[in-house]
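For reference, the chains in residue letters:
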Amino acid sequence: MGVLIKNGTIVTALDRFVGDVLCQKGRIVAIGASLEPAGGAEIVDASGQFVFPGGLDPHVHMELPFMGTVSSDDFETGTAAGVAGGTTSIIDFVIPARNQNLMEGLAAWHDKAKKAVADYAFHMAVTWWGDQTAEWMRRCVREEGIPSFKTFMAYRGAIGVDDVELIEVMKSAKELDALVTVHAEHGDMVVELQNRLMAEGKTSPKYHALSRPAPLEGEATSRAIMLARMTREPLYVVHVTCRQAVQAITEARARGQRVMGETCPQYLLLDDSIYDQPDFEGAAAVMSPPIRPRGHQEALWAALRNGTLEVVATDHCPFNLVGQKDMGKDDFRLIPNGAAGIENRLALMYTYGVLEGRLDLHQFVDLTSTRAAKIFGLYPRKGSITVGADADLVVWDPAATGTISAKTHHHQCDRSIFEGFKTQGAPSTVVVSGRIQYQAGDLKVEKGAGRYLERSLP
Ligand code: URP
Ligand code: ZN
Ligand code: ZN
């Protein structure tokens with residue numbers, strides 16, 4: 001069959017022109033003017049609308065066992081929510097338990113991900129260092145199509161690593177030409193502050209944020225950058241939230257170090273007053289690092305604009321308030337960390353980035369799709385509109401308006417941290433692997449249609 005998208009304004013990270021895109025057998029086969037619907041392709045009239053490469057979210061956690069529970073979107077519901085919002089591929093994190101064989105963890109993730117409705121890849125989290133870890137890393141890169149590793153400087157005693165372990169990961173990654181990504185917070189100091197606050201009877205969600213202040217992220221970001229400098233390893237800093245971390249990345253890049261950074265819509269658009277909501281509602285926004293006080297957001301926008309931060313991901317990791325987050329009703333340390341966002345990313349970045357003049361359309365495409373595809377070894381198969389690329393496309397109606405709500409979102413989560421946010425611009429049609437999976441509000445995805453994406457770095 002195939003799909004022919006006609007008369008759209010095609011926007012990539014570099015170009016903008018009016019034309020048609022013909023998709024057949026899951027690939028883009030022609031781009032041009034007045035294309036014919038070869039082989040009876042279904043026609044989508046995109047006049048007056050944009051055509052973007054499908055969004056790529058390189059930081060999500062579907063069905064993640066974490067803090068005594070499991071994130072509430074699985075690979076089917078989470079990728080489906082992504083498609084509804086214009087995100088057509090994801091990179092999830094295999095997170096083995098401390099002392100677990102990394103390859104066993106990978107097998108478990110492959111099993112869970114079989115039901116994905118859109119394409120997926122994995123990063124491997126190295127959660128501990130042992131005699132076999134270097135060999136498992138080698139197998140990930142050389143045999144499993146996983147050339148990026150995740151390390152957590154937070155979550156000490158669980159999935160977090162110490163500096164010695166982090167250095168070993170960086171050394172091995174360097175030998176393998178792989179990329180280390182890092183969650184940067186001073187894990188030991190977080191524990192110290194958490195315990196101090198709890199001892200003072202400060203148990204509510206807002207103390208989660210106070211136990212993880214921005215300087216602890218700034219310090220850990222600088223430390224990770226310094227370790228990467230000494231091991232001569234490039235570094236990708238996930239979910240950057242604050243001015244101190246931006247400063248550390250800016251300085252590293254200024255001296256020529258290859259450091260890349262990502263942020264997420266919640267850190268750009270929310271501030272820490274979200275934790276002051278009554279009735280434990282602030283727990284919905286408990287995540288790590290936490291939402292920051294006012295002032296940090298403008299530093300993040302500036303960093304996106306000037307290229308210091310190169311990717312906007314979501315860190316999609318939802319937990320229901322009722323039945324999951326409420327495990328920490330009397331102790332903020334027990335509130336599962338994370339929130340939903342994969343469906344909202346494009347609409348939020350378009351509304352509050354492009355329409356508010358903070359980003360241009362090409363930056364929008366680059367930040368939400370192309371750059372991550374390049375960094376993580378999926379380009380040009382993903383993140384581009386070129387002949388031969390996967391036919392993952394978003395027809396974007398710039399006039400569509402909406403209001404984000406947990407009542408209407410596709411996330412399997414009883415709260416939205418963006419509740420009430422107005423949006424302008426939304427997908428009218430989403431093509432995934434050459435098939436229309438979302439149109440005019442109608443989500444028609446196919447369980448298991450997503451494919452595993454083996455990657456290799458450029
Ligand atoms: O709070 C968060 N971010 N939960 C997911 C795990 C992580 O740190 O990315
Ligand atoms: Zn993290
Ligand atoms: Zn994460």
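These remarks concern the structure in this document.

Conventions we followed
- Residues numbered from 1 in each chain as written.
- Chains lettered and ligands numbered in written order.
- Predicted model: local features only at pLDDT ≥ 70, side-chain atom pairs only at ≥ 80, totals over all residues.
- Heavy atoms only, no water.
- Core = buried A, V, L, I, M, F, W, Y, C linked by side-chain atoms within 4.5 Å.
- Buried < 20%, exposed > 50% of the residue type's maximum accessible area, 1.4 Å probe, protein only.
- Helix = DSSP H or I, 4+ residues; strand = E, 2+ residues; numbered from the N terminus.
- Contact = heavy atoms within 4.5 Å.
- Pairing = 2+ DSSP bridges.
- Axes fitted to C-alpha atoms, helices over the stretch in contact; angles between N-to-C directions.
- Donors = N, O, S within 2.8 Å, 3.2 Å for Na, K, Ca; no water.
- Tetrahedral: all angles 85-135°; square planar, octahedral: opposite > 155°, others 65-115°.
- Parallel < 35°, antiparallel > 145°, perpendicular 65-115°, else oblique.
- Left-handed = near helix turned anticlockwise from the far one by under 90°.
- Nonpolar A, V, L, I, M, F, W, Y, C, P; charged D, E, K, R; others polar.

Next up on the list: the nonpolar core. A general trend in soluble globular proteins is that nonpolar side chains are found buried together. By size, the foremost hydrophobic cluster in this structure holds 111 residues, and its most contacted members are Phe52, Phe122, Phe149, Leu235, Leu304 and Phe364. A per-element tally of this core places helix α11 (residues 345-354) first, with 7 residues. Each residue touching Phe122, except ones within four places of it in the same chain, is listed here: Phe75, Ile91, Asp92, Val94, Leu106, Trp109, His110, Ala113, Ile146, Ser148, Tyr452 and Arg455. Counting residues in hydrophobic clusters, the runner-up holds 16 residues, among them Ile5, Ala46, Ala391 and Val431.

A word on the sheet that holds strand β14 (residues 259-263). Spatially, the 8 strands line up as an open sheet ordered β6-β9-β10-β11-β12-β13-β14-β15, and their pairing is parallel. With partners counted over all chains shown, the strands left at the sheet margins are β6 (55-60) and β15 (311-312), one partner each. As paired elements, strand β9 (residues 87-94) and strand β10 (residues 119-125) share 6 bridges and run parallel to each other. From the neighbouring strand, Ser89 faces β10, where its bridge partner is Asp119. The strands touched by helix α12 (residues 361-375) are β6, β12 (179-183), β13 (235-237), β14 and β15; relative to β6, the strand with the most contacts, the crossing angle is about 65 degrees.

At the metal site, the zinc ion (ligand 3) is ligated by His59 (NE2), His61 (NE2) and Asp315 (OD), and these contacts range over 1.9 to 2.1 Å. Around the zinc ion (ligand 3), the 4 donor atoms sit at angles spanning 86 to 134 degrees, and that spread fits a shape best called tetrahedral. Each donor residue of the zinc ion (ligand 3) lies on one chain, and together they are spaced H-x1-H-x253-D. Since its relative accessible area comes to 5%, His61 is described here as buried.

So, about the side chain of Ser89. Structurally, Ser89 can be placed in strand β9. A residue is classified by how much of its surface remains accessible, and Ser89, at 2% relative accessible area, is buried. When neighbours within four sequence positions are excluded, Ser89 is seen to be in contact with Gly55, Leu56, Asp57, Asp119, Lys382, Asp392 and Leu453.

Axis separation between helix α7 (residues 214-231) and helix α8 (residues 243-254) bottoms out at 7 Å; the angle between their running directions is 20 degrees. When the axes of α7 and α8 are compared, the pair comes out roughly parallel. For the pair α7 and α8, the crossing hand works out as right-handed. Across from Ala214, Pro215, Glu217, Gly218, Thr221, Ser222 and Ile225 in α7, the residues of α8 making contact are Gln244, Ala245, Ala248, Ile249 and Ala252. Classifying every residue of the contact of α7 with α8 by side-chain character gives 7 nonpolar, 4 polar and 1 charged.

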